[in-house]
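Commentary on secondary and tertiary structure
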Amino acid sequence: MKTIALAAVAAALIAGPALAQEHNHANHAAAAAPAAGKLSVESTPIGEIVKNEKAKAALEKALPEITAYYDQISTMTLAQVAPMSQGAIDDAKLKEIQAEFDKL
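First, a word on what this report is: a plain description of the structure on this page.

**Things to note about the pattern of salt bridges**
The tally for this structure, following the rule as stated, stands at four salt bridges. Close ionic contact of E48 with K51 constitutes a salt bridge, the shortest N to O distance being 3.0 Å. We classify E48 as partly exposed; its relative accessible area is 41%. Here E100 makes a salt bridge to K103, at a shortest N to O gap of 3.1 Å. With E100 and K103 both in helix 7 (residues 91-103) and three residues apart, this pair spans about one turn of that helix. The class for K103 is exposed, based on a relative accessible area of 63%.

How each quantity is defined
Residues numbered from 1 in each chain as written. Predicted model: local features only at pLDDT ≥ 70, side-chain atom pairs only at ≥ 80, totals over all residues. Heavy atoms only, no water. Salt bridge = Lys/Arg side-chain N within 4 Å of Asp/Glu carboxyl O. Buried < 20%, exposed > 50% of the residue type's maximum accessible area, 1.4 Å probe, protein only. Helix = DSSP H or I, 4+ residues; strand = E, 2+ residues; numbered from the N terminus.

This is the structure in C-alpha cells:
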C-alpha cells in the first residue's frame, strides 16, 4: 500500500512542472465567444438580447409571454431556459428565433 502511495506522489511531483506550463487564456476566450455582435440562442444571455431593439422585438414576437420573466432569466440563455419553459421553447422555437437573430 505504501508503494502505491509513494508511486502516486512521485508521479504527481514529476508531472507537476508539465502541468504548470503557461497558457494563453485570451485565445480560449476568443474561441469560445461568439463573433462580436452575433446573437445566439445558445450563448447570448437574454439580458444582452433585449438590449438590441430588433432582437428584442423578434424574441417578443416569437415568445410574447417572455416579457414577464426578463428579471428572472436575464442572465440565462434561451437554450438554458428551454427545459423550464413547459414546452413553450422547444428545439423548433429555438431554431426559429436563431434564424431571426441571423437576419439582424
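There's more to say after this.
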